[in-house]
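Observations on the three-dimensional arrangement
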Amino acid sequence: QVQLVESGGGLVQAGDSLKLSCAASSRTFSNYARAWFRRAAGKEREFVVAIMEGRTYYADSLKGRFTVSRDNAKSTMYLEIHSLKPDDTAVYYCAATPALYISGYGREEGYAYWGQGTQVTVSS
């Protein structure tokens, strides 16, 4: 069992930037396929970005404002969001699964471990 804990969310204004963190309980986290998802109120969970084998896979609609990175020594993954918009308001989740690569990286069914999420609220 791997525990994931997100942090860094909060109430911000449109145009601001945030850096979210996802800390894992295992140092083998660096060998897992990892991803960020988000879920806005009343909507389905939406894929944001995945990182596997050193490569990143962004949702086409979000590419350019979202940047994923990781610090393997700290077993932590990050998500930087720039030029935040009210439509970015959502609970942001990190996810992982014990595989080097998965073809269905954009689907939540592909991930075995999930954090509880961190709330991002963007006011206009």
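Structural notes, computed from the coordinates. (Residues numbered from 1 in each chain as written. Predicted model: local features only at pLDDT ≥ 70, side-chain atom pairs only at ≥ 80, totals over all residues. Heavy atoms only, no water.)

A few words on the overall build of the chain. A tally of helices and strands in the chain yields zero helices and eleven strands. Secondary structure of the chain in N-to-C order comes out as β-β-β-β-β-β-β-β-β-β-β. Taken over C-alpha atoms, the radius of gyration comes to 13 Å for the chain, in line with the 14 Å a tight globule of 124 residues would show. Across its three principal axes, the chain shows a C-alpha extent of roughly 40 × 25 × 25 Å. For the chain, with 124 residues in total, the buried portion stands at 44%. Put simply, 61% of the contacts in the chain that link residues at least 6 apart link residues at least 24 apart. When the accessible surface of the chain is totalled, it reaches about 6600 Å², and 43% of it is carbon and sulfur. Side chains of the chain give 14 positive and 12 negative charges; the mean places of these two sets differ by 4 Å. (Helix = DSSP H or I, 4+ residues; strand = E, 2+ residues; numbered from the N terminus. Rg over C-alpha atoms; globule rule 2.2 N^0.38 Å. Buried < 20%, exposed > 50% of the residue type's maximum accessible area, 1.4 Å probe, protein only. Contact = heavy atoms within 4.5 Å. Areas by Shrake-Rupley, 256 points an atom, 1.4 Å probe, with all protein chains shown as cover. Lys, Arg positive; Asp, Glu negative; His and termini not counted. Charge placed at Lys NZ, Arg CZ, Asp CG, Glu CD.)

Moving on: unusual backbone geometry. Here glutamate 53, not a glycine, exhibits a phi torsion of approximately 50°, which is positive. Here glutamate 53 lies in the loop between strand 5 (46-52) and strand 6 (55-58). Given the relative accessible area of 59%, glutamate 53 is considered exposed. With a phi angle near 50°, serine 83 is a residue other than glycine that sits in the positive phi range. By the secondary structure assignment, serine 83 is in the loop between strand 8 (76-81) and strand 9 (90-97). Look at serine 83 and you get partly exposed, because its relative accessible area is 41%.

What follows is about the pairing of strand 3 (residues 18-24). Walk down a regular strand and you will see the side chains alternate between the two sheet faces. Counting buried positions over the seven residues of strand 3 gives five, a clear majority of the element. Bridging between strand 3 and strand 8 involves six bridges; their strand directions are antiparallel. Paired with cysteine 22 across the strands is methionine 77, a residue of strand 8. (Pairing = 2+ DSSP bridges.)

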